[in-house]
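Residue strings, one per chain:
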Amino acid sequence: MSSASEQLNQFGWDEWFEAKAREKVLSGHRLARVVAVDRDQLLVMDGAGEFRAKLAGRFLYLTEEAIDFPCVGDWVCIQSASSDMFGIIHDVIPRKSFLRRKAAGDAIEYQMIAANMDVALIVQSCHFDFNVNRLERYLVMVREGHVHPVVLLTKTDLVSPDALQQQIEKIRNAGIDTEVIALSNVTGEGVDDVREILQSGKTYCFLGSSGVGKSTLINQLIGRHILETKVVSGTGEGRHTTVRRELIMLNNGAMLIDNPGMREFGILGAGEGMGDSFADIYELASKCKYSDCSHSNEPGCAVLRAMEEGNLHRVHYQNFIKLRNESEFHDLSYLEKRNKDKAFGRYIKSVKKDLGMTRK
Ligand SMILES: Nc1nc2c(ncn2[C@@H]2O[C@H](COP(=O)(O)OP(=O)(O)OP(=O)(O)O)[C@@H](O)[C@H]2O)c(=O)[nH]1
Ligand SMILES: [Mg+2]
Ligand SMILES: [Zn+2]
């Protein structure tokens, strides 16, 4: 390996990439790793530091698939004169591993989450967010991308040791033998166990629903409050605190990527994965007057009635609504479909009216 690439080892560069890069890197180009992507601007880093870069016109012209554009964690070939404001990215080095999800919509199109990750930390809160089906689907996605999974169960301070034990048993009973670390960002219990798995030169990606404590944990690992976190409101409007992915380097040399909570998690079918935690609510929902009842204010809503009559706990209900709003239920394609249906309905109505077909 050349001395220039040796400098890159600290960022995860190794013989594998070296072999792949041989034909790609032209003289006058250098290698850098993508730290963040902001529309057409990228932040990259190499041994000399961080700098901004843009895609070369030829690369833009030749690249058709969304997944072939550089994402966080990618290695890219850059041409940069020291006086230039922006480096120019000419190529992306093949990916050793990747995390991707299905883009919203019916077409099978993927969106990159991050590239060249060593470990995916799949985060679930053991307080209401816990769901084995969803965990399994994350595991499928992670393994498919050749990334090593570790499961983190957060907020152990909010459940009894028995409840936590039962959740771990559920995971094992489902045949999942992945390492599980239980932790609380409040008491600090388990945080050192996470710290222990973080190795210099390796890259770790945090995945999981909004509000489970990903950014809070990363702040603890950094030892400084650099990521924004937010108090989860009772009803949780599904506004995400983390909106941007960025590669962060820890003092010990490990690299981390925070992620916005997954709203429309592509590998899930609509509503799948929520079933076992909220079977009682689905049972009630089947008795609502309207089949598309949102259980928020509709007349004849069996869920709201059960709550008024004291047969359904308000906190359980609120968690259902919160998770549902965050889940693929309310992803773009779903909203789009619904709005289109509504718009079409209005159109039909207006046509009927014009034709004098509406009954008084
Ligand atoms: N009780 C308790 N609260 C926690 C714990 N970890 C995080 N929280 C709280 O949960 C809320 C959400 O935490 P975040 O770190 O913003 O969650 P996130 O996973 O980054 O959420 P997004 O950025 O929206 O994906 C904050 O109010 C945290 O203080 C924990 O272990 N126990
Ligand atoms: Mg966050
Ligand atoms: Zn209802």
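Thresholds applied
- For every chain, the first residue of the written sequence is number 1, and numbering continues from 1 along that sequence.
- All chains are assigned letters beginning with A, and all ligands numbers beginning with 1, in the order in which they are written.
- In keeping with the predicted nature of the model, local features appear solely for residues at pLDDT of at least 70, side-chain atom pairs appear and are counted solely at 80 or more, and the whole-chain, interface and lining totals rest on all residues.
- Using C-beta atoms placed from the backbone, we call a residue buried if 20 or more other C-beta atoms fall within 10 Å of its own, exposed if 12 or fewer do, and partly exposed for counts in between.
- In this description a helix means any DSSP run of H or I spanning at least four residues, a strand means any run of E spanning at least two, and both kinds are numbered starting from the N terminus.
- The directions from the helix axis to the C-beta atoms form the arc being described.
- What counts as a contact here is a pair of residues whose C-beta atoms, placed from the backbone, lie within 7 Å.
- Paired strands, in this sense, are two strands between which DSSP finds at least two bridges.
- The axes are straight lines fitted to the C-alpha atoms, using for helices just the contacting stretch, and the angles between their N-to-C directions are given from 0 to 180°.
- Throughout this description, the term nonpolar core refers to a group of buried Ala, Val, Leu, Ile, Met, Phe, Trp, Tyr and Cys residues whose C-beta atoms join them within 7 Å.
- Residue ranges for the domains originate in an automatic or database domain assignment.

Buried within helix 7 (residues 214-222) are the following residues: K214, S215, L217 and I218. Angular distribution of buried residues about the axis of helix 7 spans 160°; they occupy a single face of the element. Here the buried face of helix 7 lies against strand 8 (119-125), strand 9 (148-154), helix 6 (191-197), strand 11 (203-207) and strand 13 (255-257). Phi turns positive, to about 85°, at G223, one or two residues after helix 7.

Another point: the sheet that holds strand 3 (residues 49-55). The strand order around the closed barrel formed by 5 strands is 1-2-3-5-4, and the pairing between neighbours is mixed. Sheet twist, expressed as the average angle between the axes of neighbouring strands with direction ignored, equals 55°. Pairing of strand 3 with strand 5 (residues 87-92) involves 3 bridges; the strand directions are parallel. Bridge assignment links L55 to a residue of strand 5, and that residue is I89.

A word on the nonpolar core. V76, L99, A114, A120, L121, I122 and C205 are the most contacted members of the largest nonpolar core, which totals 60 residues. It is strand 8 that contributes the most residues to this core, 5 residues altogether. Here this core spans two domains, and each of domain 1 (3-92) and domain 2 (113-257) adds at least three residues to it. Discounting chain neighbours no more than four positions away, the residues touching A114 are C71, V72, G73, L99, C205, R245 and I257. Counting residues in hydrophobic clusters, the runner-up holds 7 residues, among them I281, L284, C301 and Y317.

The sheet built from 6 strands is open, its strands ordered 10-9-8-11-13-12 with mixed pairing. Edge strands, defined here as strands with exactly one partner in the open sheet, are strand 10 (180-182) and strand 12 (247-249). Each strand of the sheet is rotated relative to its neighbour by a mean of 25°, with strand direction disregarded. Examined bridge by bridge, strand 8 and strand 9 share 7 bridges and lie parallel to one another. Pairing of Q124 across the sheet is with L153, part of strand 9. Helix 4 (residues 132-144) rests against strand 8, strand 9 and strand 11 of the sheet, and its axis sits at about 170° to strand 8.

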